[in-house]
Amino acid sequence: MIKGILSLLIALGITVSLHSAQQPNIVVVFIDDMGWGDFSCFGNTEATTPNIDAMADEGLRFHQFYVASPICSPSRVAISTGQYPQRWQITSYLARRKGNNDRGVAHWLDPKAPMLSRFLKQAGYATGHFGKWHMGGQRDITNAPQITAYGFDESLTNFEGLGAKLLPLTEEPGEDGEIVKGRIWEDAERLGEPVEWMLRCEITGGFVDRALGFIDKAQEQKKPFFINLWPDDVHTPLFPAVDNWRDTKRGLYCAVLEEMDAQLGPLFDRLKEDPELRDNTIVFICSDNGPEIDCGSAGPYRGLKATLFEAGVRSPLIVWAPGMTAKSAAGSINDESIVSSMDIVPSLLKLTGIKQPRNVSFDGQELLDTFLGKGSKSHSGPLYFRRPPDRKDFRNLLNLPDLAMRDGKWKLLLDYDGSRPMLYNLDKDPGESKNLAKQHPERVQRMVEAALKWNASMPKDAGDPDYDVN
C-alpha cells in the first residue's frame with residue numbers, strides 16, 4: 001500500500017520523504033581498476049581483505065557479474081544510469097578537450113541522463129557522492145556540470161570531478177632511509193574548492209569519514225540515504241604507506257588493496273552494528289573494470305582492463321543486505337546468474353517502490369530477487385560491449401577485437417566489419433582459450449548480425465572506421 005502511494009506521488013512530481021525504516025538505505029562501493037580475483041573471498045592468496053570478506057560472509061557473491069565497459073568513465077555512466085554508456089557518447093576515459101574530440105567522446109555526461117541519484121533524491125533520499133567521479137570536470141574541462149547537478153546533495157571527489165576534493169600527498173622510500181615526499185595533480189585545485197591535501201594511502205579513509213558524517217546527518221533528518229563510495233584505489237600510481245612498501249608492482253598493488261579494505265572497515269562496521277541500519281541497508285561492492293597489467297588479478301580470466309575479454313568486463317560483486325536477503329542465501333556464491341551493472345538501477349527502483357519514469361528506457365533489467373538471493377534469474381537476452389576507441393592496442397595486447405556479445409553460455413568477439421569472429425563456450429572454457437567459431441558457423445552468423453545491429457543503433461566514436469569527424 002505504502003509503495004503504491006509513493007509511486008503515485010512520484011509520478012505526479014511530488015517529493016516524498018519517508019522514515020528510513022520504511023525505505024532502504026543504499027551504498028554502492030565502486031572500486032577502481034580491480035581484478036575479478038583480488039578479494040581474498042574471490043581467491044586472492046597474496047593479500048587479505050577481511051572487511052570486504054565479512055560483508056560477503058553475510059551476503060552474496062556473484063561470479064558472473066559484468067560491467068558495461070572495460071574502462072572507467074563509461075563503466076561509471078552505466079552503473080549510474082542503467083543504460084549503455086554509448087548512448088551518452090562516453091566510451092573511454094574522459095581526458096582533455098583535444099583527446100576527447102579526437103576519440104569522439106563527450107566532455108561530460110549529459111545532466112539529462114536518467115541518474116539513479118536523481119530518482120532517489122526526488123523520492124526524499126539524502127544523496128551523497130564520495131570518491132572518484134570521472135564523468136566530467138577533469139584536466140582542462142573546467143566548465144562541466146557540478147556533481148550535485150546529477151542529483152546529489154553533497155559530493156567530495158578527487159582530481160576527476162568539479163567541486164570539493166581530496167588531493168594526494170605522496171611518500172615513498174628514498175636512499176639512506178629518507179622519505180621522498182611529493183604531490184599529484186596539483187593543478188586540480190582549480191577544479192573546485194575546498195581542497196584538502198592528505199596522504200594518498202589514506203584518501204579512501206577520507207571519503208569514508210565524509211560518508212559517515214553524511215549518514216549521521218541523514219539519520220538526524222530521518223531520511224533514507226543513497227551513497228556512492230567510489231575509491232580511486234586501487235588505480236595506479238600506487239603509494240601504500242611507507243612502512244608497508246613492497247618491491248614489485250603487484251606487491252605495491254596488494255599493499256594498497258589491503259589498506260583500502262582496512263579504511264572501508266569503519267563504514268561497513270557502522271552499517272552492520274547500527275540497529276537502525278543493519279536490516280534496512282543494501283550494499284553493492286564491485287569494480288569498475290578489470291586490472292592494469294602486473295597489478296590486479298583476474299583469476300582464471302583472459303585479458304586486462306580496456307579489453308573485451310572476460311578480465312576486462314567481468315567484475316567481482318558482493319551484495320550485502322541481511323534484512324532483505326533470503327536467509328538460506330546468506331554467505332553463498334551465485335555462479336549461475338548472468339547479471340550486469342546496468343541491472344542495478346531498475347532493481348533498486350523496484351526495491352524502493354519508485355516507478356520507472358515513462359520517458360526512460362533502461363538497458364538494464366529488474367533482477368531484485370536475484371540480487372537478494374530469492375531467485376537466480378539472469379539478464380534476459382544478450383549483453384553487448386564496445387572497446388574504447390583508443391584501445392585497439394593496449395599494453396602487450398595488439399589488434400584487439402572491437403565488439404563483444406555475451407548470450408547465455410556463449411561469448412562472441414569480433415571486429416566492426418564482422419570479421420575475425422571468436423566464439424567461446426564460457427561454461428566449459430571461461431578462460432577464452434578455444435575459439436569455436438569454425439565449429440558453429442550458424443551460431444556465429446546469428447551473433448555477428450545481432451552484435452553489428454546493436455552497434456549500429458548506438459552513436460559511433462572514433463574507433464569505428466565509419467565515424468564522421470564532422
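Everything discussed here concerns the structure shown above.
Attention here is on the structure that accompanies the text. (Residues numbered from 1 in each chain as written. Predicted model: local features only at pLDDT ≥ 70, side-chain atom pairs only at ≥ 80, totals over all residues. Heavy atoms only, no water.)

1. Remarks on the layout of surface pockets
- In this structure, the second largest pocket spans a volume of roughly 290 Å³.
- Classifying every residue of the lining of the second largest pocket by side-chain character gives eight nonpolar, four polar and 10 charged. (1 Å grid on protein atoms, 1.4 Å probe; cavity = no way out; pocket = protein on both sides within 12 Å on 5 of 7 lines; lining within 4 Å. Points joined across faces, edges and corners; volume = space filled by probe spheres on them. Nonpolar A, V, L, I, M, F, W, Y, C, P; charged D, E, K, R; others polar.)

2. As for the pairing of strand β10 (residues 314-320)
- Of all the seven residues making up β10, seven are buried; the element is thus mostly covered by neighbouring parts of the structure.
- The alternating pattern of β10 places R314, P316, I318 and W320 and S315, L317 and V319 on opposite faces, both of which are buried.
- The sheet contact formed by strand β2 (residues 60-66) and β10 spans five bridges and is antiparallel. Note on β10: the bridge partner recorded for L60 is V319.
- Of the pairings in the sheet, the one linking strand β9 (residues 281-287) to β10 comprises four bridges and is antiparallel in character. Within β10, the residue paired with I285 across the bridge is I318. (Buried < 20%, exposed > 50% of the residue type's maximum accessible area, 1.4 Å probe, protein only. Helix = DSSP H or I, 4+ residues; strand = E, 2+ residues; numbered from the N terminus. Pairing = 2+ DSSP bridges.)

3. A few points about the sheet that holds strand β13 (residues 383-386)
- An order of β13-β14-β15-β16 is seen for the four strands of this open sheet, with the pairing classed as antiparallel. Where the open sheet ends on each side, the last strands, each with one partner, are β13 and β16 (422-425). If you compare each strand with its neighbour and ignore which way they point, the axes differ by 15° on average.
- Looking at chain direction, strand β14 (residues 403-407) and strand β15 (residues 410-414) are connected through five bridges and run antiparallel. Bridging from a neighbouring strand, A404 pairs with L413 of β15.
- The sheet contacts of helix α11 (residues 441-457) involve β13, β14, β15 and β16, and relative to β14 the element is tilted by about 120°. (Axes fitted to C-alpha atoms, helices over the stretch in contact; angles between N-to-C directions. Contact = heavy atoms within 4.5 Å.)

4. Points about α11
- Taking 1.5 Å per residue as the helical rise, α11 with its 17 residues ought to reach 24 Å, and the 24 Å between its terminal C-alpha atoms agrees with that figure.
- All of the buried residues in α11 are V444, M447, V448, A451, W454 and N455. Viewed along the axis of α11, the buried residues span an arc of 130°, placing them on a single side of the element. Along α11, exposed side chains directed more than 90 degrees from the buried face belong to E442, K453 and A456.
- Contacts made by the buried residues of α11 are with β13, β14, β15 and β16. (Expected span 1.5 Å × (residues − 1). Arc of directions from axis to C-beta.)

5. Regarding the packing of aromatic side chains
- Applying the stated criterion across every chain yields a total of 16 aromatic pairs.
- Taken together, a centroid distance of 5.2 Å and an interplanar angle of 55° make the contact between W133 and Y150 tilted. Remark: Y150 occurs in the loop between β3 (126-131) and β4 (154-156) and W133 occurs in the loop between β3 and β4; sequence separation between them is 17 residues. The burial state of W133 is the same as that of Y150; both residues are buried.
- Between the aromatic rings of F239 and W245, the centroid separation amounts to 6.2 Å while the plane-to-plane angle is 55°, which identifies the pairing as tilted.
- Residue F239 is classed as buried on the basis of its relative accessible area, which comes to 14%.
- Residue classification places W245 among the partly exposed residues on the basis of a relative accessible area of 26%. (Phe/Tyr/Trp six-rings, centres within 6.5 Å; stacked < 30°, edge-to-face > 60°.)

6. Observations regarding the pattern of salt bridges
- What the rule picks out here adds up to 34 salt bridges.
- D461 is the salt-bridge partner of R386, the closest N and O atoms lying 3.2 Å from each other. Taken together, the positions of R386 in strand β13 and D461 in the segment after α11 put the pair 75 residues apart, joining distant regions of the chain.
- Salt bridges here are not isolated pairs; linked through shared partners, they connect D32, R76, K132, R139, E160 and D288. (Salt bridge = Lys/Arg side-chain N within 4 Å of Asp/Glu carboxyl O.)

Honestly, it's all geometry; don't read function into it.
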